[in-house]
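Structural characterization, general
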Amino acid sequence: MIKNFKWLLLVSLTFVACNNDDETIVSNSSDGMPLTAGSADFSKYVALGDSFAAGYSDGALFIEGQKGAYPNILAQQFSLVGGGTFTTPLMADNVGGLLFGGTQVAGPRLYFNGAAPTPVMGVTTTEITNHLSGLFNNMGVPGAKSYHLVAPGYGNAMGVIANPPTASPYFSRFASSATATVLGDALSQNPTFFSLWIGGNDELGYATAGGDATVNPLTPTATFDGVYNSIISQLTAGGRKGVIANLPYVTTLPYFYVIKYNQLTQDNLTVSGVNQVSGLNAQLYGPLHNALAYLGQGDRINLLSTTGNNPMLMNDETLVNVSAQLTQVLIGGGVSQPMAGALGAIFGQARQTKPTDLICLSASSRIGKAPTTSIDGVVSPSPLLNQLGVTYPMPDRYILLPTEVAEIKTYTDAYNTTIETAAEANGLAIFNAKVVMDQLTTTGINANGYTLTSTYVSGGAFSLDGVHPSPRGYALIANKFIEAINAKYGSNLKGVSLYDYRIMFPPLL
């Protein structure tokens, strides 16, 4: 009935020049004066955080992405004013993905083939159980929430395959022991300077799960506050300096704006040259609309347009459940009892998507497919009603309701209050990531002759997974961190040129 659904789509050189007055101008400092670290000591820099710190991009972690992570760029700049060696727990290849005991448990990175993102060819070789020796300066752990940084056992490889998982497949590769914590391993290196950007996953996991708390809940604000302040207290012990970052509203990420609410085109609803809209209206949408109208809920489902784009069916748990009443009305209208029962069960809290709904990018591979418990968390009671978004409502995990968007913003504001208060109380530099994201989604940010925006694929700031930065996006982030460090500690690092960083990785690296 529906076609397969496709979704659209360096350290600066140092040199000295003289002006007409023979005044020495240093071109790789931010103010033309000789480079200085100011009051900061960058000799031993350690970075803590999540996938952004690790350099995750295009849906995977891989060597070239890790090299361009913002902590690596910061370390390159720090090296100009006394910064020491900065080590990263590199993956085994540029394909991306993970193996556990030889079985692939995470897929490869994406590349843009000119029409749509697609997985790169190649073999994943990063084996989780192949433990890396030594300690690493880049402690960014993809998927980590705030409390994971202080959780003993988060680096225990056997916890990766527990149900539910209790450990990170990434941290388990380089944790100092099975009971180590991310924070503990960072502090054991006696850093002189740190960066901390954590909390994104405390909200992002819930958002990318469509606000389904059974899949991934929001971290309670009290939990975040207690954990974050504990981490900061330990990192700043003895007067240690560092830089932290607040959180943007994750609901502004391109991940939520690729798939539109009216994604069903006439082409999508045409099979073997025959448009299916009239049949759908006669057999499903019309009877449902009439029955719901009888119950005073006629605005939930309307007839499909025969000319333009159409909204998708979705489940909305905030609606009054009229399953029993809907079944009885349908029976009274001549629908057989088994079919009426199936329709009542399926559409008791269903409606069509609206412009105010945010559709997760993960829905792109599921629209038009038969729902399964393992992937979608639901299964249809009728083989005749088995196309997600078309004849069966998209489940909660793929769509953010306006109330869920508001909820995420409320939690983010609370997390940011904790972060910003910690920065003020401890005299730390702070990168205002929320402001930067606001700029990317409105006016864009101009730098080095480029304008970066949050637009998917063409905006230049984000990678193909719709969440993580592109190489140029990571360079922008590093420069914003540097601006915050300079302002707080009196250093005058210039940062890097965005010209030196690409906006997409090619299929072969």
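Just so it is clear, the model here is predicted, and its values are computed rather than measured.

**Notes on the overall build of the chain**
The helix and strand inventory of the chain stands at 14 helices and 19 strands. Computed over the C-alpha atoms, the radius of gyration of the chain is 26 Å, within 12% of the 23 Å expected from 2.2 N^0.38 for a compact globule of 509 residues. Counting only C-alpha atoms and orienting by the principal axes, one finds that the chain spans roughly 90 × 55 × 45 Å. Relative to its full complement of 509 residues, the chain shows a buried share of 54%. In the structure as shown, the chain presents an accessible area of about 20600 Å², 55% of it carried by carbon and sulfur atoms. In the chain, 23 positive and 31 negative side-chain charges are present, and the distance between their average locations comes to 6 Å.

**Quick word on the nonpolar core**
Counting 137 residues, the largest nonpolar core has Tyr70, Leu196, Trp197 and Phe347 as its most contacted members. In terms of residue count, helix α14 (residues 471-489) provides more of this core than any other element does, 10 residues in total. Residues in contact with tyrosine 70, not counting those within four places in the same chain, are Phe52, Ala53, Ser195, Trp197, Tyr474, Ile477, Ala478 and Phe481.

**What about helix α9 (residues 323-332)?**
Ser323, Leu326, Thr327 and Leu330 are the residues of α9 that are buried. Taken down its axis, α9 places every buried residue within 100 degrees of arc, on the same side. Summarising the geometry of α9, the exposed residues directed more than 90 degrees from the buried face are Ala324, Gln328 and Gly332. Contacts made by the buried residues of α9 are with α8 (277-294) and α10 (337-347). In the stretch just after α9, glycine 334 is the one whose phi turns positive, near 100 degrees.

**Details of the packing of aromatic side chains**
In total, this model carries 22 aromatic pairs according to the counting rule given. Measuring from centroid to centroid gives 5.0 Å for tyrosine 45 and phenylalanine 78, while their planes differ by 80 degrees, and the two rings are edge-to-face. Here the residue tyrosine 45 occupies a position in strand β3 (residues 45-49), and phenylalanine 78 occupies one in helix α3 (residues 70-78), the gap between them amounting to 33 residues. Taken together, a centroid distance of 4.4 Å and an interplanar angle of 35 degrees make the contact between phenylalanine 224 and tyrosine 415 tilted.

**Re the confidence of the model for the chain**
Mean pLDDT over the chain works out to 93, with 95% of the residues at or above the 70 mark. For the stretch residues 1-22, pLDDT sits under 50, and the model shows 58 contacts to residues farther than four places along the chain or on other chains.

**As for helix α13 (residues 433-441)**
All of the buried residues in α13 are Ala433, Val436, Met437 and Leu440. Down the axis of α13, the buried set is contained in an arc of 95 degrees. They therefore lie on one face. Buried residues along α13 sit against β9 (193-197), β17 (429-431), β18 (445-447), β19 (450-452) and α14.

**What to know about the pairing of β9**
Among the 5 residues that make up β9, 5 are buried, leaving the element largely enclosed by the rest of the structure. Residue alternation in β9 divides its side chains into two sets, Phe193, Ser195 and Trp197 and Phe194 and Leu196, and both sets are buried.

**Focus: the packing of α8 against α9**
Closest axis-to-axis distance for the α8/α9 pair is 9 Å, and the angle between their directions is 115 degrees. As α8 packs across α9, the resulting crossing turns out to be right-handed. On the side of α8, the interface is formed by Pro287, Leu288, Ala291, Leu292 and Tyr294, while α9 contributes Leu326, Val329 and Leu330. Split by residue class, the contact of α8 with α9 holds 8 nonpolar, no polar and no charged.

**Section: the sheet that holds β3**
Taken in spatial order, the 5 strands of this open sheet run β8-β3-β9-β10-β17, and their pairing is parallel. Whereas interior strands pair on both sides, the edge strands pair on one side only; in this sheet they are β8 (138-140) and β17. With strand direction ignored, the average angle separating the axes of adjacent strands in the sheet is 15 degrees. In this sheet, β17 lies alongside strand β10 (residues 241-245) in parallel orientation, the contact comprising 3 bridges. Across the sheet, the residue bridging to isoleucine 244 is isoleucine 430, located in β17. Of the strands in this sheet, β9, β10 and β17 touch α14, which is tilted by about 155 degrees from β17.

Each value, and the rule that gives it
Residues numbered from 1 in each chain as written. Predicted model: local features only at pLDDT ≥ 70, side-chain atom pairs only at ≥ 80, totals over all residues. Heavy atoms only, no water. Helix = DSSP H or I, 4+ residues; strand = E, 2+ residues; numbered from the N terminus. Rg over C-alpha atoms; globule rule 2.2 N^0.38 Å. Buried < 20%, exposed > 50% of the residue type's maximum accessible area, 1.4 Å probe, protein only. Areas by Shrake-Rupley, 256 points an atom, 1.4 Å probe, with all protein chains shown as cover. Lys, Arg positive; Asp, Glu negative; His and termini not counted. Charge placed at Lys NZ, Arg CZ, Asp CG, Glu CD. Core = buried A, V, L, I, M, F, W, Y, C linked by side-chain atoms within 4.5 Å. Contact = heavy atoms within 4.5 Å. Arc of directions from axis to C-beta. Phe/Tyr/Trp six-rings, centres within 6.5 Å; stacked < 30°, edge-to-face > 60°. pLDDT = per-residue confidence, 0-100. Axes fitted to C-alpha atoms, helices over the stretch in contact; angles between N-to-C directions. Left-handed = near helix turned anticlockwise from the far one by under 90°. Nonpolar A, V, L, I, M, F, W, Y, C, P; charged D, E, K, R; others polar. Pairing = 2+ DSSP bridges.

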